[in-house]
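What the coordinates show
Each chain, letter by letter, is given below.
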Amino acid sequence: MTVQELPGAAAYRPTPPPAWKPLTDPAPLLPDPEPYRVLGTDAVADADPELLLRLYAELVRGRRYNAQATALTKQGRLAVYPSSTGQEACEIAAALVLKERDWLFPSYRDTLAAVARGLDPVEALTLLRGDRHTGYDPREHRIAPLCTPLATQLPHAVGLAHAARLKGDDVVALAMVGDGGTSEGDFHEALNFAAVWRAPVVFLVQNNGFAISVPLAKQTAAPSLAHKAVGYGMPGRLVDGNDVAAVHQVLGDAVARARSGGGPTLVEAVTYRLDAHTNADDATRYRSDSEVEAWRAHDPILLLEQELTGRGLLGEDAMREAHAAAERMAAALRERMNTDPVLDPMALFSHVYAEQTTQLREQAARLRVELEAGQDRHGHEGVEEGR
């Protein structure tokens, strides 16, 4: 006899247990249907003019930094450089929205954000120069190491933010990632833990349209990347990533919410990578010149410049000074990067573990013998040549 054949079986209608019910009302978490904008809208009237002028100066400096770093790759002074030209609004806003005690978790493309936060431009390029991994002290600058593997910095940001909350520290972590990184498991794991723990962390996704050559449409079928936040129980915000005032405001709201105990937020900034993925990439193979030119008309510097000049807040003198300051920065960077660094091969074994393992000690000993043998050989050859 089956369950259906039992007396009263027709009236049996099992219902799920209470645990199935939504833990969170999804409606407040949903992003707006269109990216939020400030420049060119009524919202700009509430923007602080001094902040807008500072953002402008940083954008100009950032564009020049990207151009100079790209030139250094062509001169053989950098092994690779992933330019953020076209995305400077996201980079600058992310750096300026944080307090000194907060932490920034950048990806490999976010050297500009690190520089805008106060990191020495040469130190920001040390990894990309191939000198050493992380050319700066993360604790000193509250900037995690530039992360080359996609999205692996996101769980680290969640862990730091969660630990800070448990300790009672008033700290927020801001983690940056590209649209390609949202296809990695680390992205989803980080969002899930952040929401469950209500960690004070903000996720900034710079949606620049391509994961190297893969367009966003081939990565996800979601209405937007911001919609992914809802499935984890956090708000998703959609913002025009080339509108620096809008990005600063949206990130500022998210940071304030995290700091007050409101939990994490996922911000998707819709922007565009004007340059190739890196100097080793040929972007013409997967996108058209007309597409790039269309985005140049929505350049973050141009948008802010038009707003400031139209309101009489930015004159010719101020524009010239912003560009002159950027040139001075580029000249100093160029001069310092043209100096060959003095590197110690034995430093390979430093800062790997607090206490070196047996294997590391053995490797260090072998390298030391090889280096000493090389010095003896070159020294002997020099004597022979001099005879």
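Okay, so let's go over this structure. Remember, predicted model here, so these are calculated numbers, not experimental data.

**Brief notes about helix H8 (residues 185-197)**
- The terminal C-alpha atoms of H8 lie 18 Å apart, and with 13 residues this matches the ideal 18 Å at 1.5 Å per residue to within 8%.
- Along H8, the residues that are buried comprise Phe-187, Ala-190, Leu-191, Ala-194 and Ala-195. The buried residues of H8 occupy an angular sector of 120 degrees when projected down its axis, which confines them to one face.
- Of the surrounding secondary structure, the elements contacted by the buried residues of H8 are helix H7 (153-167), strand E3 (201-207) and strand E7 (265-270).
- A positive phi of about 55 degrees marks Arg-198, the residue just after H8.

**Describing the pairing of strand E2 (residues 173-178)**
- Buried residues dominate E2, accounting for 5 of its 6 residues.
- Two strands pair when backbone bridges link them, and strand E1 (residues 103-105) and E2 are joined in this way by 3 bridges, in the parallel orientation. Residue pairing in the sheet places Leu-104 in a bridge with Leu-174 of E2.
- Note that E2 and E3 share 6 bridges and pair parallel. In the sheet register, Met-176 faces E3, and the bridge partner there is Leu-204.
- Handedness of the E2-H8-E3 crossover: right-handed.

**Focus: the sheet that holds E2**
- Strand order in the open sheet formed by 5 strands is E1-E2-E3-E7-E6, and the pairing between neighbours is parallel. The strands lining the two open edges of the sheet, one partner per strand, are E1 and strand E6 (236-240). Averaged over all pairs of adjacent strands, the angle between strand axes in this sheet comes to 20 degrees, irrespective of strand direction.

**Here we look at the packing of aromatic side chains**
- In this structure the tally under the stated criterion is 5 aromatic pairs.
- Taken together, a centroid distance of 6.3 Å and an interplanar angle of 80 degrees make the contact between Tyr-65 and Tyr-81 edge-to-face. Here Tyr-81 lies in the loop between helix H1 (49-74) and helix H2 (88-96) and Tyr-65 lies in helix H1, a separation of 16 residues in the sequence.
- Between Phe-193 and Trp-197, the ring centres sit 4.9 Å apart and the planes meet at 35 degrees, which makes this aromatic pair tilted.

**Structural notes on the side chain of Thr-182**
- Within the secondary structure, Thr-182 sits in the loop between E2 and H8.
- Using a relative accessible area of 4% as the deciding quantity, one classes Thr-182 as buried.
- Discounting chain neighbours no more than four positions away, the residues touching Thr-182 are Phe-187, His-188, Val-205 and Leu-225.

**Side note on the packing of H7 against H8**
- Taken N-terminus to C-terminus, the directions of H7 and H8 make an angle of 15 degrees; their axes are 8 Å apart at the nearest point. Comparing the axis directions of H7 and H8 gives the class roughly parallel. Both H7 and H8 take part in a crossing whose hand is left-handed. In contact with Leu-154, Pro-155, Val-158, His-162 and Arg-165 of H7, H8 contributes Asp-186, Phe-187, Ala-190, Phe-193, Ala-194 and Trp-197.
- Class assignment for the residues of the contact of H7 with H8 results in 8 nonpolar, 1 polar and 2 charged.

**Overview of the layout of surface pockets**
- Here the largest pocket is characterised by a volume of approximately 390 Å³.
- Looking at the largest pocket, the residues that line it are Asp-131, Arg-132, His-133, Thr-134, Leu-343, Asp-344, Pro-345, Ala-347, Leu-348, Ser-350, His-351 and Val-352.
- Considered class by class, the residues forming the lining of the largest pocket number 5 nonpolar, 4 polar and 3 charged.

**Section: the environment of Ala-258**
- With respect to the helices and strands, the residue Ala-258 is situated in helix H9 (residues 244-259).
- Discounting residues that sit within four places of it in the chain, Ala-258 has contacts with Val-172, Pro-200, Val-201, Val-202 and Gly-263.

**Topic: a nonpolar patch on the surface**
- A cluster of nonpolar side chains, contributed by Phe-193, Val-196 and Trp-197, occupies part of the molecular surface with about 290 Å² of accessible area.
- For Val-196, the position within the fold is in helix H8.

**Focus: the pattern of salt bridges**
- Here the structure, examined in full by the defined rule, presents 15 salt bridges.
- Across the pair Arg-37 and Asp-240 runs a salt bridge, and its minimum N-O distance is 3.2 Å. Of this pair, Arg-37 sits in the segment before H1 while Asp-240 sits in strand E6, placing them 203 residues apart in sequence.
- Since its relative accessible area comes to 33%, Arg-37 is described here as partly exposed.
- Accessibility expressed as a relative area gives 7% for Asp-240, which makes it buried.
- Glu-321 serves as the salt-bridge partner of Arg-328, at 2.9 Å between the closest nitrogen and oxygen.
- By relative accessible area, which is 49% here, Arg-328 ends up partly exposed.
- Note on Glu-321: relative accessible area 44%, which makes it partly exposed.
- What emerges from the salt-bridge pattern is a single network uniting Arg-101, Asp-102, Asp-170 and Arg-259.

Cut-offs used in this document
Residues numbered from 1 in each chain as written. Predicted model: local features only at pLDDT ≥ 70, side-chain atom pairs only at ≥ 80, totals over all residues. Heavy atoms only, no water. Helix = DSSP H or I, 4+ residues; strand = E, 2+ residues; numbered from the N terminus. Expected span 1.5 Å × (residues − 1). Buried < 20%, exposed > 50% of the residue type's maximum accessible area, 1.4 Å probe, protein only. Arc of directions from axis to C-beta. Contact = heavy atoms within 4.5 Å. Pairing = 2+ DSSP bridges. Right-handed = clockwise from strand over helix to strand, strands pointing away. Axes fitted to C-alpha atoms, helices over the stretch in contact; angles between N-to-C directions. Phe/Tyr/Trp six-rings, centres within 6.5 Å; stacked < 30°, edge-to-face > 60°. Parallel < 35°, antiparallel > 145°, perpendicular 65-115°, else oblique. Left-handed = near helix turned anticlockwise from the far one by under 90°. Nonpolar A, V, L, I, M, F, W, Y, C, P; charged D, E, K, R; others polar. 1 Å grid on protein atoms, 1.4 Å probe; cavity = no way out; pocket = protein on both sides within 12 Å on 5 of 7 lines; lining within 4 Å. Points joined across faces, edges and corners; volume = space filled by probe spheres on them. Patch = residues over 30% accessible without salt bridge, like charges linked within 9 Å, V, L, I, M, F, W, Y side chains within 5 Å. Areas by Shrake-Rupley, 256 points an atom, 1.4 Å probe, with all protein chains shown as cover. Salt bridge = Lys/Arg side-chain N within 4 Å of Asp/Glu carboxyl O.

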